[in-house]
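The residues making up each chain are set out below.
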Amino acid sequence: MEQAEKTNNLENEDVTDGSKSTNKGWTCRLVVASLFGAFGSSYLYGYNLSVVNAPTMYVKEFYNKTWNDRYGQPMEAASLTLMWSVTVSIFAIGGLVGAIMVSPLVKLLGRKGTLLLNNIFAIVASLMLALGEVAGSFEMLILGRFVIGVDAGIALSALPMYLGEISPKQIRGALGQIHSIFICVGVFTGQVMGLPELLGQESRWNYMFGIIMVPALVQLLTLPFLPESPRYLLLEKQDAAGAEKALQAFLNKKDVSKELEEVQEEYRAQHSIHLVSMIELFKTPSVRWQIITASVTMGCYQLCGLNAIWFYTNNILKEAGMDSNQIPYITLSTGGTEILVAVVSGTIIEHVGRRPLLIGGFGAMAVFYGLLTIFLNLQTKAYWLPYLSFGSIMGVITSFCIGPGGIPFILTGELFEQSYRPAAFMIVGIVNWLSNFAVGLLFPFIQEAFGTFCFMVFAVTCLAGAIFLYFVLPETKGKTFAEISQSFSKINRVAVSTKKEKMECVAAKEKVENSDTENGQDNDITEM
């Protein structure tokens, strides 16, 4: 009877703990960590993608005026164009540097510590970009864009890593999509701030860059009150007490033994947690296809041609007969659509899964690119065809945001176990930023060579990505990191131990260690 009462009391405590948290694993701490983490990281990345578009003319005028004041003559048109191109594209170079820095930073400082340090880059960049005009230095703007690129490169790896490690497996995808949602919100905010009624004026454009420090300061003030990644504490720092406290805080319950056991299972699967370098990761046969899959997915994310869509939107709206003064407000609908679809993706990802959303997203993009190519070449034939072109553009954006827009970052965290994860994020980050830079560099030549048929290049890229993922990518929804790694054992052609075999191996190891200890004690007694 007493045993039954104890069991009932324990069950009641579990129910009480569960009632304090939201349904299906959502808790207040998880939501706060994801929101403030994304606001100071993902949001800034999205904002800095779009914030340079509106003040282009004013920044060029500032460059020309500064050059004239220094050298007594205006800057040549070609030199001015080159200077502006460097200002825009150096963001990707900074991102590449940040991606390379991620692995050593997350090892040394942890996931949360890296995010906190990263805010310093954002604040310094904001000051340089905002005060460059006052100082009469266009070099400050260029250097500021590089520094904010470093911030973005670190953020795009450290934040998905942090969110993936703090979230329960049943909501890991939904929590990870907050990263994508805030990128879309950042892009939309940059578009809104660039309107002439707000900061898109000659006397106010530098304030658009000063705003960058606000999310960084908010994150700097809030993140210290949130726990570090439990997996980092337990597996890399061997801080079991700290990991238990972090799990209790994030999950809002006292009994986290089941979750700790899941982490320990990953430790046993890897036999020990030795953080590998990027070179060591490439030499590891058991993760070969995880590296290929994550790299291909991230490459398609950048090479799918969404930047080309922004290039054509204004021209299509003009040919549809819309007022030029109204076009900036109409294009805001594309940013609003991105946010809406990203939110929808976050709500369905744990029901539908990563695999269907990724494959379906890239496949649908290929279809809409084909339709857009047809409509663009026929739009002079009928007055209503430009509207179909704009509809195809909205279809491309919707298809991108439903899956390819956010899932690549989630997958990188899911496909690799603890010892491989930092190096994997470094590799995928390098692929991401090199692809970003390649698109910016090559798109003008592709557009010049193919005209409106340039979208067929992106259609082929999207279709190839969808086919590759169909044959290679397993579903990761609701699986532990160890189970996901086991899913690749066949294609990697490596033997995988069952859970029972791993437990027997660990038990045998402990038995040997205990035997050695007892023998040592017996020898001590004999000597005495």
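Residues numbered from 1 in each chain as written. Predicted model: local features only at pLDDT ≥ 70, side-chain atom pairs only at ≥ 80, totals over all residues. Heavy atoms only, no water.

Bringing the environment of Q170 into the picture now. Turning to its location among the elements, Q170 is positioned in the loop between helix 6 (138–166) and helix 7 (172–193). Classification of Q170 by relative accessible area gives partly exposed; the value is 41%. Separated by 308 residues in sequence, Q170 and G478 have C-alpha atoms that sit 5.0 Å apart. (Helix = DSSP H or I, 4+ residues; strand = E, 2+ residues; numbered from the N terminus. Buried < 20%, exposed > 50% of the residue type's maximum accessible area, 1.4 Å probe, protein only.)

Moving on: the environment of G113. Checked against the element boundaries, G113 lands in helix 5 (residues 77–135). A relative accessible area of 19% places G113 in the buried class.

So, on to the confidence of the model for the protein chain. Low pLDDT marks regions whose predicted coordinates should not be analysed in detail. Overall, the prediction assigns the protein chain a mean pLDDT of 82, with 85% of residues at 70 or greater. Of all secondary-structure elements in the protein chain, the lowest mean pLDDT belongs to helix 1 (residues 2–20), at 43, while helix 9 (residues 213–222) reaches the highest, 94. Here residues 1–22 is modelled with pLDDT under 50, and outside its nearest four sequence neighbours on either side it reaches eleven contacts, counting other chains as well. Taken together, the stretch residues 516–528 has pLDDT below 50 and engages in zero contacts with residues farther than four places along the chain or on a different chain. (pLDDT = per-residue confidence, 0-100. Contact = heavy atoms within 4.5 Å.)

This part covers the packing of aromatic side chains. A full pass over the atoms with the stated rule returns 18 aromatic pairs. Ring geometry for F39 and Y43: centres 5.1 Å apart, planes at 40 degrees, overall tilted. According to the relative accessible area criterion, F39 is partly exposed, its value standing at 23%. On the basis of relative accessible area, Y43 is assigned to the buried category, the value being 9%. Geometrically, the ring pair formed by Y43 and Y47 is stacked, given 6.2 Å between the ring centres and 15 degrees between the ring planes. One end of the pair is Y43 and the other is Y47, both in helix 3 (residues 42–50) and four residues apart, which spans about a single turn. (Phe/Tyr/Trp six-rings, centres within 6.5 Å; stacked < 30°, edge-to-face > 60°.)

As a further point, take the nonpolar core. Here is a general trend for soluble globular proteins: nonpolar side chains tend to be buried in one another's company. Counting residues in each nonpolar core, the largest one holds 122 residues, and the members touching the most others are Y63, L281, I309, F362, Y369, W433 and F455. Setting aside its immediate chain neighbours within four residues, Y369 contacts C304, G305, L306, I309, V396, F455, M456, F458, A459 and C462. Residues Y232, L234, L247 and V263 belong to the second largest nonpolar core, which totals eleven residues. (Core = buried A, V, L, I, M, F, W, Y, C linked by side-chain atoms within 4.5 Å.)

Direction vectors running N to C along helix 3 and helix 6 enclose 140 degrees, while the axes themselves pass 9 Å from each other. Judged on the interaxial angle alone, helix 6 and helix 3 are oblique. Our pair here, helix 3 against helix 6, has a crossing hand that is left-handed. Here S42, L44, Y45 and N48 of helix 3 lie close against helix 6, whose contacting residues are R145, I148, D151, A152, L156 and L159. (Axes fitted to C-alpha atoms, helices over the stretch in contact; angles between N-to-C directions. Parallel < 35°, antiparallel > 145°, perpendicular 65-115°, else oblique. Left-handed = near helix turned anticlockwise from the far one by under 90°.)

In this section: the pattern of salt bridges. Summed over all chains, the structure comprises nine salt bridges. Notably, a salt bridge pairs R111 with E236, separated by 3.1 Å at the nearest N-O pair. Taken together, the residues span a long stretch of sequence, with R111 in helix 5 and E236 in helix 10 (residues 230–236) at a distance of 125 residues. A relative accessible area of 0% means that R111 is categorised as buried. Linked by salt bridges that have partners in common, R111, E165, E236 and R421 make up one network. (Salt bridge = Lys/Arg side-chain N within 4 Å of Asp/Glu carboxyl O.)

Turning next to a nonpolar patch on the surface. Residues I93, V97, F437, L441, L442 and F445 make up a contiguous nonpolar surface patch of roughly 510 Å² in combined accessible area. Among the secondary structure elements, those contributing two or more residues to the nonpolar patch are helix 5 and helix 21 (421–450). Considering every element that reaches the nonpolar patch, the biggest residue donor is helix 21, with four residues. Classification of F445 as exposed rests on a relative accessible area of 56%. (Patch = residues over 30% accessible without salt bridge, like charges linked within 9 Å, V, L, I, M, F, W, Y side chains within 5 Å. Areas by Shrake-Rupley, 256 points an atom, 1.4 Å probe, with all protein chains shown as cover.)

Viewed as axis vectors pointing N to C, helix 18 (residues 354–378) and helix 20 (residues 407–414) meet at an angle of 140 degrees, and their least axial separation amounts to 11 Å. Regarding the angle of helix 18 to helix 20, the classification is oblique. Here the hand of the crossing between helix 18 and helix 20 comes out left-handed. Facing R354, L357 and L358 of helix 18, the residues of helix 20 in contact are I407, P408, I410, L411 and E414. Partitioned by chemical class, the residues of the contact of helix 18 with helix 20 number six nonpolar, no polar and two charged. (Nonpolar A, V, L, I, M, F, W, Y, C, P; charged D, E, K, R; others polar.)

Keep in mind that most residues, glycine aside, have a negative phi and that most peptide bonds are trans. Backbone geometry places Q238, a non-glycine residue, at a positive phi of 50 degrees. Structurally, the position occupied by Q238 is in the loop between helix 10 and helix 11 (240–251). Classification of Q238 by relative accessible area gives exposed; the value is 55%. At N252, a residue that is not glycine, the phi angle is positive and equals roughly 60 degrees. Positionally, N252 belongs in the loop between helix 11 and helix 12 (257–270).

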